[in-house]
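Architecture and fold: a report
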Amino acid sequence: MSKEKVMKLSIPEEELMSPGHLACQGCGATMAMRYVLKALGRKTVVCIPACCWAVIDGPFPHSSLSVPIFHCAFETAASTAAGVKAGLEMVGDKETTVLAWAGDGGTFDIGLQALSGAAERNDDFIYVCYDNEAYMNTGIQRSSATPYGAWTTTTPVKHFKVRPKKDIVGILAAHGIPYIATASVAYPEDLVKKARKAKDIKGTRFLHIYAPCPSGWKSRPEDTVKLARLAVQTGIFPLFEIADGETTTMSLKIEKRKPIDDYVRLQGRFRHLKENEVAAMQAEVDRKYEKLLKRC
Ligand SMILES: Cc1ncc(C[n+]2csc(CCOP(=O)(O)OP(=O)(O)O)c2C)c(N)n1
Ligand code: SF4
Ligand SMILES: [Mg+2]
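Right, let's walk through the structure included here. (Residues numbered from 1 in each chain as written. Chains lettered and ligands numbered in written order. Predicted model: local features only at pLDDT ≥ 70, side-chain atom pairs only at ≥ 80, totals over all residues. Heavy atoms only, no water.)

Taken together, 17 residues are adjacent to ligand 1, and G105, G106, Y130, A134 and N137 come closest. Contact distances for ligand 1 include 2.8 Å between an oxygen atom and a backbone N or O atom of G105. The side chain of Y130 places a nitrogen or oxygen atom 2.5 Å from an oxygen atom of ligand 1. When ligand 1 is considered free in solution it has 580 Å² of accessible area, and contact with the protein chains removes 73% of it. (Near = heavy atom within 4 Å. Polar contact = N/O pair within 3.5 Å; in protein donor to acceptor, adjacent residues only side chain to side chain. Areas by Shrake-Rupley, 256 points an atom, 1.4 Å probe, with all protein chains shown as cover.)

Another point: the pairing of strand β8 (residues 247–250). Only one face of β8 is covered, namely the face carrying T248 and M250; the face carrying T247 and T249 is uncovered. Strand direction decides the pairing type here: strand β7 (residues 240–243) and β8, joined by 4 bridges, are antiparallel. Within the sheet, the bridge partner assigned to E241 lies in β8 and is T249. From the end of β7 to the start of β8, which pair antiparallel, there are 3 residues, and D244 there has a positive phi angle of about 50°. (Buried < 20%, exposed > 50% of the residue type's maximum accessible area, 1.4 Å probe, protein only. Helix = DSSP H or I, 4+ residues; strand = E, 2+ residues; numbered from the N terminus. Pairing = 2+ DSSP bridges.)

Moving on: the packing of helix α1 (residues 28–40) against helix α7 (residues 188–199). Contact pair α1 / α7: the axes reach a minimum separation of 8 Å and the direction vectors enclose 45°. Regarding the angle of α1 to α7, the classification is oblique. In this structure, α1 meets α7 at a crossing whose hand is right-handed. Facing α1, whose interface residues are Y35, V36, A39 and L40, α7 presents P188, L191, V192, A195, R196 and K199. Of the residues assigned to the contact of α1 with α7, the class counts are 8 nonpolar, no polar and 2 charged. (Axes fitted to C-alpha atoms, helices over the stretch in contact; angles between N-to-C directions. Parallel < 35°, antiparallel > 145°, perpendicular 65-115°, else oblique. Left-handed = near helix turned anticlockwise from the far one by under 90°. Contact = heavy atoms within 4.5 Å. Nonpolar A, V, L, I, M, F, W, Y, C, P; charged D, E, K, R; others polar.)

The biggest cluster of nonpolar side chains holds 96 residues, and the ones touching the most others in it are W53, W101, Y127 and F206. With 8 residues, α1 is the single largest residue contributor to this core. In contact with F206, not counting residues within four places along its chain, are T107, L115, Y127, C129, I168, V169, L172, I177, Y179, I180 and A181. (Core = buried A, V, L, I, M, F, W, Y, C linked by side-chain atoms within 4.5 Å.)

Most of strand β3 (residues 97–103) is tucked away: 7 of the 7 residues are buried. Burial along β3 is two-sided: the residues T97, L99, W101 and G103 and V98, A100 and A102 are all buried. Sheet analysis places strand β1 (residues 44–48) next to β3, joined by 4 bridges and oriented parallel. What sits directly across from C47, in β3, is A100. Sheet topology places β3 next to strand β4 (residues 125–131); 5 bridges connect them, and they run parallel.

Set out below in structure tokens:
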């Protein structure tokens, strides 16, 4: 018998997303969708509000996804998903996973009311927010997910964003929903594991996926995974899970976090920042990371 080692892939081979989609080169949001669909499988319906992903899948009757898509209004990802789930149950389908798929603008800002309502009712669907930290589809406007220091077209260099990123995970945790996880396109095994875990839980499940955007971050398409990895390794975007709004578990504890300099340097949206401003950013990352560790 051969002693050759066989590597076991934890990511399903089946592709539910085809090439030929309409995203920019190096789009993190596209990688996020590919991994999540691999985890959830064919029996999935996706509800997509206005966002880059409303364009990426292609014009009707074409689609880069092999699952049904329900395009809905910008603010309605969660209420649409709740309605689709109720409709499926009415016709006796209890198996299909309903996936609300929205950007940070559609989640942190305009869709927050619908999401809060669904989370309070514990409606039964998975909500993914792919976070590229601005309203990218309409030309890079600031959202409440945009971090301190970033340039956007509505926070120009001389008036860069001075407010911090909104704590969306904290807001969802306050609703006491059964499952929340952060995930990154740089850690696909962890991402797929979390999406699979979410699939097997009932109630509102929220995945916050970090998805670099070369066009909006003014970064190189080939640096997308590097940036997503640096965000985790610096503590800017830690990977963790929260069960029932209470129990917080780190998925990957970074013993020696990297300084944020490399992460900042690779992105044109931070190019204007002075040393003291980067230092302020670093101090805030340190403070938030220590706070998170205390919760675990
Ligand atoms: C009610 C409403 N307001 C504004 C818009 C215009 N609009 C479409 S997509 C979009 C930006 C979406 O940003 P985000 O949710 O972060 O997704 P991204 O484009 O970054 O993928 C905006 C402002 C709209 N379609 N409907
Ligand atoms: S603008 Fe950004 S999020 Fe939108 S398709 Fe291009 S890379 Fe992806
Ligand atoms: Mg966005």
